[in-house]
Amino acid sequence: MDILFLGKKEVESLVSMDDAIQVLEEMFADFGNGLVVCPPKLVMDLRPHGIEGWINSMPAYLKKAGIAGTKSVNVHYTNAAKKLPTTMGIVILNDP
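Residues numbered from 1 in each chain as written. Predicted model: local features only at pLDDT ≥ 70, side-chain atom pairs only at ≥ 80, totals over all residues. Heavy atoms only, no water.

J.: Looking at this structure, I do not really get the layout of surface pockets. What am I missing?
T.: Empty space among the atoms becomes visible once a probe the size of a water molecule is rolled across them. Of the voids in this model, the largest pocket is the one considered here, and its volume is about 2000 Å³. For the lining of the largest pocket, the secondary structure elements donating two or more residues are helix 1 (8-14), helix 2 (17-32), strand 3 (54-62), strand 4 (67-75) and strand 5 (87-94). Ranked by residues supplied to the lining of the largest pocket, first place goes to helix 2 with nine residues. Split by residue class, the lining of the largest pocket holds 30 nonpolar, six polar and nine charged. (1 Å grid on protein atoms, 1.4 Å probe; cavity = no way out; pocket = protein on both sides within 12 Å on 5 of 7 lines; lining within 4 Å. Points joined across faces, edges and corners; volume = space filled by probe spheres on them. Helix = DSSP H or I, 4+ residues; strand = E, 2+ residues; numbered from the N terminus. Nonpolar A, V, L, I, M, F, W, Y, C, P; charged D, E, K, R; others polar.)

J.: So what exactly am I meant to see when it comes to the pattern of salt bridges here?
T.: One side chain can pair with another of opposite charge once the charged atoms of both are near each other. Within the structure shown, the criterion is met by two salt bridges. Here Asp 30 ties to Lys 64 by a salt bridge, and the two come within 3.1 Å at their closest N and O atoms. Remark: Lys 64 occurs in the loop between strand 3 and strand 4 and Asp 30 occurs in helix 2; sequence separation between them is 34 residues. What makes Lys 64 exposed here is its relative accessible area of 60%. Taking the shortest distance from any N to any O, the salt bridge between Asp 45 and Arg 47 comes out at 2.8 Å. (Salt bridge = Lys/Arg side-chain N within 4 Å of Asp/Glu carboxyl O. Buried < 20%, exposed > 50% of the residue type's maximum accessible area, 1.4 Å probe, protein only.)

Without other data, these values stay purely geometric and don't point to any function.
Okay, structure coming up:
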């Protein structure tokens, strides 16, 4: 099995902002037409455990594009005071 990892620079070199906006517009239209499977996001709240933050997991399947994947994002608003990113994420695409 091959895994392809694309960082921010690689993605920016492959997809323009205009292209990304167009794809998002199409995806939202597909969502409205029932062509996207998007269950509610799973939220793991870390605050009860003494950590100011949470992790979201958001799976989806785009029927028309034949793409499935999950976006995982952590949010830590107190990182701003430490000059660290408050939100970081990764997208894993799978061949359904």
